[in-house]
Amino acid sequence: MRGIARRPVRRPRVKVGSPLQLLLLTCSFALAGYAGVRLLADDWFQVALWFVGAALLHDLVLLPLYAVADHAVVGSLGAAGHREWALYVRVPAALSGLLLLVWFPLISGRVADHYPSATGLSGDGFLARWLLITAVLFGGSALLLVQRLRRATKQRPPADH
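Rules and cut-offs
- Residues numbered from 1 in each chain as written.
- Predicted model: local features only at pLDDT ≥ 70, side-chain atom pairs only at ≥ 80, totals over all residues.
- Heavy atoms only, no water.
- Bend = angle between axes of the 7 residues up to and from the residue.
- Helix = DSSP H or I, 4+ residues; strand = E, 2+ residues; numbered from the N terminus.
- Buried < 20%, exposed > 50% of the residue type's maximum accessible area, 1.4 Å probe, protein only.
- Contact = heavy atoms within 4.5 Å.
- Salt bridge = Lys/Arg side-chain N within 4 Å of Asp/Glu carboxyl O.
- Core = buried A, V, L, I, M, F, W, Y, C linked by side-chain atoms within 4.5 Å.
- Expected span 1.5 Å × (residues − 1).
- 1 Å grid on protein atoms, 1.4 Å probe; cavity = no way out; pocket = protein on both sides within 12 Å on 5 of 7 lines; lining within 4 Å.
- Points joined across faces, edges and corners; volume = space filled by probe spheres on them.
- Nonpolar A, V, L, I, M, F, W, Y, C, P; charged D, E, K, R; others polar.
- pLDDT = per-residue confidence, 0-100.
- Phe/Tyr/Trp six-rings, centres within 6.5 Å; stacked < 30°, edge-to-face > 60°.
- Lys NZ or Arg CZ within 6 Å of the ring centre and 35° of its normal.

1. Some details on helix α2 (residues 87-108)
Okay, step 1: At Val102, α2 shows its largest kink, close to 70°, and the proline Pro105 lies no more than four residues downstream.
Okay, step 2: When α2 is considered as a whole, its buried residues turn out to be Pro92, Ser96, Leu106 and Ile107.
Okay, step 3: The inward-facing, buried residues of α2 abut α3 (114-119) and α4 (126-155).

See below:
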């Protein structure tokens, strides 16, 4: 072991935020703990079953589906020579998918009978609203891409002929 200098092992530094950040973090953990206790107080088995089912559904069904979809988008844009445009498809698709996941029972119309009795509001129109929001998300993303492309062409020096 001659010639090899031993360096002292350094512990990684831990950055501690401001007192306000620590207070907010502590409050958020307290609120999450309170919500967990309240959620598990009634029927903890059904809640645990729901979490396990949601994790399995996500990992075994949804993750492969959107991985294949993302691979197809990146592959098609890469073949066209514009792989960096994939973000302009990913963000609105992810937001639209999240809205679909959260509001699926109302969008599909499966609980349209129960919704008015529980809330006093009509259960109609959720599919149209979701489609409109999805169109606005993709349209806004397309406008941002056009704006980026215009800015890039204005900054490009003119070609010499």
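The discussion continues.
2. What to know about the environment of Gly140
Okay, step 1: Tracing the backbone shows Gly140 in helix α4.
Okay, step 2: Sequence spacing of Gly140 and Tyr88 is 52 residues, and the spatial spacing of their C-alpha atoms is 9.3 Å.

3. Notes on the pattern of salt bridges
Okay, step 1: All told, the structure shown has one salt bridge when counted by the stated rule.
Okay, step 2: Between Asp70 and Arg90 there is a salt bridge, and its shortest N-O distance comes to 2.6 Å. One end of the pair, Asp70, is in helix α1 (residues 19-79); the other, Arg90, is in helix α2, with 20 residues separating them in the sequence.
Okay, step 3: On the basis of relative accessible area, Asp70 is assigned to the partly exposed category, the value being 26%.

4. Digging into the nonpolar core
Proteins that are soluble and globular tend to have nonpolar side chains buried together.
Okay, step 1: Leu106, Ile107, Tyr115, Phe126 and Trp130 form the largest nonpolar core, which has five residues in total.
Okay, step 2: Broken down by secondary-structure element, the contributors of at least two residues to this core are α2 and α4.
Okay, step 3: Apart from the residues within four sequence positions on either side, Trp130 is in contact with Ser96, Leu99, Leu100 and Ile107.

5. Overview of α1
Okay, step 1: Compared with the 90 Å implied by 1.5 Å per residue over 61 residues, the 50 Å span of α1 between its first and last C-alpha is markedly short.
Okay, step 2: At Asp43, α1 shows its largest kink, close to 115°.
Okay, step 3: The elements touched by buried residues of α1 are α2.
Okay, step 4: Where α1 ends, the next residue or the one after it, Gly81, has phi of about 85°, a positive value.

6. Examining the layout of surface pockets
Okay, step 1: Each pocket or cavity is described by its volume, and for the largest pocket that value is around 660 Å³.
Okay, step 2: In this structure, the largest pocket is lined by 19 residues; those nearest its centre are Leu62, Tyr66, Ala94, Gly97 and Leu98.
Okay, step 3: Of all the secondary structure elements, the ones that give two or more residues to the lining of the largest pocket are α1 and α2.
Okay, step 4: Here the lining of the largest pocket gets eleven residues from one element, more than from any other, and that element is α1.
Okay, step 5: A per-class count over the lining of the largest pocket returns 14 nonpolar, three polar and two charged.

7. Quick look at the confidence of the model for the protein chain
Okay, step 1: Looking at the protein chain, the pLDDT average stands at 86 and 93% of residues meet or exceed 70.
Okay, step 2: The weakest mean pLDDT in the protein chain belongs to α3 at 78; the strongest belongs to α4 at 93.

8. Focus: the packing of aromatic side chains
Okay, step 1: All told, the structure shown has three aromatic pairs when counted by the stated rule.
Okay, step 2: An angle of 90° between the planes, with centres 6.0 Å apart, marks the rings of Trp44 and Phe45 as edge-to-face.
Okay, step 3: Its relative accessible area of 48% is what places Phe45 among the partly exposed residues.
Okay, step 4: Here the aromatic rings of Trp103 and Phe126 are separated by 6.1 Å at their centres, their planes lie at 25°, and the arrangement is stacked. Taken as a pair, Trp103 in helix α2 and Phe126 in helix α4 lie far apart in primary sequence, 23 residues in all.
Okay, step 5: Overall, the relative accessible area of 40% leaves Trp103 in the partly exposed class.
Okay, step 6: Above the ring of Phe126, the side-chain terminus of Arg129 is found at 5.1 Å from the ring centroid.

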